[in-house]
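What follows is each chain in one-letter form.
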Amino acid sequence: MMCFDVHTHHLSACPSEAIFNADSKYIPLPDEAMWLSVGIHPWHLTSENYPMQLRWIESVLGKDKRVIALGEAGLDKCCHAPFSLQEEAFRMIVSLSEHYRLPLVIHAVKVYNELIALKKEIHPSQPWIVHGFRGKKELAQSLVRQGFYLSFGEHYHADALRYMPEGTFLLETDESRVPIHTLYHRAAEIRGIHPELLADNVSRTVNSLFFNR
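Presented here is a report on the structure given in the accompanying data block.

Procedures and definitions
- Residues numbered from 1 in each chain as written.
- Predicted model: local features only at pLDDT ≥ 70, side-chain atom pairs only at ≥ 80, totals over all residues.
- Heavy atoms only, no water.
- Helix = DSSP H or I, 4+ residues; strand = E, 2+ residues; numbered from the N terminus.
- Axes fitted to C-alpha atoms, helices over the stretch in contact; angles between N-to-C directions.
- Parallel < 35°, antiparallel > 145°, perpendicular 65-115°, else oblique.
- Contact = heavy atoms within 4.5 Å.
- Nonpolar A, V, L, I, M, F, W, Y, C, P; charged D, E, K, R; others polar.
- Salt bridge = Lys/Arg side-chain N within 4 Å of Asp/Glu carboxyl O.
- Buried < 20%, exposed > 50% of the residue type's maximum accessible area, 1.4 Å probe, protein only.
- 1 Å grid on protein atoms, 1.4 Å probe; cavity = no way out; pocket = protein on both sides within 12 Å on 5 of 7 lines; lining within 4 Å.
- Points joined across faces, edges and corners; volume = space filled by probe spheres on them.
- Pairing = 2+ DSSP bridges.
- Core = buried A, V, L, I, M, F, W, Y, C linked by side-chain atoms within 4.5 Å.

## Section: unusual backbone geometry
Reasoning step 1: Here the amide bond leading from Gly-71 into Glu-72 is cis, since omega sits at 15 degrees, within 30 degrees of zero.
Reasoning step 2: Despite not being glycine, Lys-110 shows a phi value in the positive range, around 55 degrees.
Reasoning step 3: Within the secondary structure layout, Lys-110 lies in the loop between strand S5 (104–109) and helix H3 (112–122).

Have a look at this one:
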């Protein structure tokens, strides 16, 4: 059973089944990773390091074919970076996502109204994926109606995952050391289906978002 991990900060024992999230501290990028996402995390953003981080991302996008997504990038009202700087950096990553035709993996904390407004303003052609989603069912349904995909990690509201339409959600480990197979089995139990069926469904979504484009 293939259990694809769409967002992890740990190098996987099965690198063909995981997207390793890298930022500018990974120089050079790890050879062990088969698939990569690169972005500017709002936690690590300052006005001083923003130009350097942006130059690094643009250089990676120009030469490393393992990069299949942008992010994580996004907005966070609980971190120290000025919100105006966060929005500037996020808009730039969105622009790169559109230019390189790569899905965008989004970090979002207490900013869903702003995120929805930005999506309506920008009208992106590339998928926007909210990673590590922990909101309630009603918020999940609202985001799906707006065209977002949601990725669930170790912690989430079971009802939110239970009622997600097939083809709109993904699974990830993020910072967790819980094996991705365990998260798939847990999700399958919540949704009341066999783990292999869940894995097949998620695999089709992964392929449509990252590989069959």
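## Re the packing of helix H6 (residues 180–191) against helix H7 (residues 195–211)
Reasoning step 1: In the contact formed by H6 and H7, the axes pass within 9 Å of each other and the chain directions differ by 105 degrees. Judged on the interaxial angle alone, H7 and H6 are roughly perpendicular. Here Tyr-184, His-185, Ala-187, Ala-188 and Arg-191 of H6 come into contact with H7, specifically with Pro-195, Leu-198, Ala-199 and Val-202.
Reasoning step 2: For the contact of H6 with H7, the residue count by class is 7 nonpolar, 1 polar and 1 charged.

## Here we look at the pattern of salt bridges
Reasoning step 1: In this structure the tally under the stated criterion is 6 salt bridges.
Reasoning step 2: Between Arg-91 and Glu-121 there is a salt bridge; the shortest N-O distance is 3.0 Å. Remark: Glu-121 occurs in helix H3 and Arg-91 occurs in helix H2 (residues 83–100); sequence separation between them is 30 residues.
Reasoning step 3: On the accessibility criterion, Glu-121 (48% relative accessible area) is partly exposed.
Reasoning step 4: For Glu-166, the salt bridge identified is with Arg-204, shortest N-O distance 3.5 Å.

## Here's the deal with empty space enclosed by the protein
Reasoning step 1: All chains considered together, the criterion is met by 1 cavity of 30 Å³ or more.
Reasoning step 2: Considered as a void within the structure, the largest cavity measures approximately 40 Å³ in volume.
Reasoning step 3: The wall of the largest cavity is formed by Thr-8, His-10, Leu-11, Ser-12, Pro-15, Ala-18, Phe-20, Glu-32, Ala-33, Met-34 and Trp-35.
Reasoning step 4: Residues of the lining of the largest cavity, tallied by class, amount to 7 nonpolar, 3 polar and 1 charged.

## Concerning the sheet that holds strand S7 (residues 149–152)
Reasoning step 1: With parallel pairing, the 8 strands of this open sheet are ordered in space as S1-S2-S3-S4-S5-S6-S7-S8. Either end of the sheet is taken by a strand with one partner, and the two such strands are strand S1 (5–8) and strand S8 (169–171). For this sheet, the mean inter-axis angle between neighbouring strands, taken without regard to orientation, is 30 degrees.
Reasoning step 2: Bridging between strand S2 (residues 18–22) and strand S3 (residues 35–38) involves 4 bridges; their strand directions are parallel. Residue Ile-19 lies in a different strand from S3, and its bridge partner there is Trp-35.
Reasoning step 3: Sheet strands touched by H2: strand S4 (67–76), S5 and strand S6 (128–130). Its angle to S4, the strand with the most contacts, is close to 160 degrees.
Reasoning step 4: Packed onto the sheet, H6 meets S1 and S8 and runs at close to 140 degrees relative to S8.

## A look at the pairing of S2
Reasoning step 1: The element S2 is extensively covered by neighbouring structure, given that 5 of its 5 residues are classed as buried.
Reasoning step 2: A two-sided burial pattern is seen for S2, the buried positions comprising Ala-18, Phe-20 and Ala-22 on one face and Ile-19 and Asn-21 on the other.
Reasoning step 3: When S1 meets S2, the two strands line up parallel, connected through 2 bridges. The residue bridging Thr-8 from the neighbouring strand is Phe-20, located in S2.

## Examining the nonpolar core
Reasoning step 1: Ranked by size, the top nonpolar core spans 72 residues in total, and within it Phe-90 and Phe-152 carry the most contacts.
Reasoning step 2: When near neighbours in sequence (up to four residues on either side) are disregarded, Phe-90 contacts Ala-73, Gly-74, Leu-75, Leu-104, Ile-106, Leu-115, Leu-118 and Trp-128.

## Looking at the layout of surface pockets
Reasoning step 1: Here the largest pocket defines a volume of roughly 680 Å³.
Reasoning step 2: Together, 31 residues line the largest pocket, and Trp-43, His-107, His-131, Gly-132 and Asp-174 are the ones closest to its centre.
Reasoning step 3: Estimated volume of the second largest pocket: approximately 280 Å³.
Reasoning step 4: Listed by contribution, the elements that provide at least two residues to the lining of the second largest pocket are S1 and H6.
Reasoning step 5: Of the residues belonging to the lining of the second largest pocket, the class tally is 8 nonpolar, 6 polar and 3 charged.

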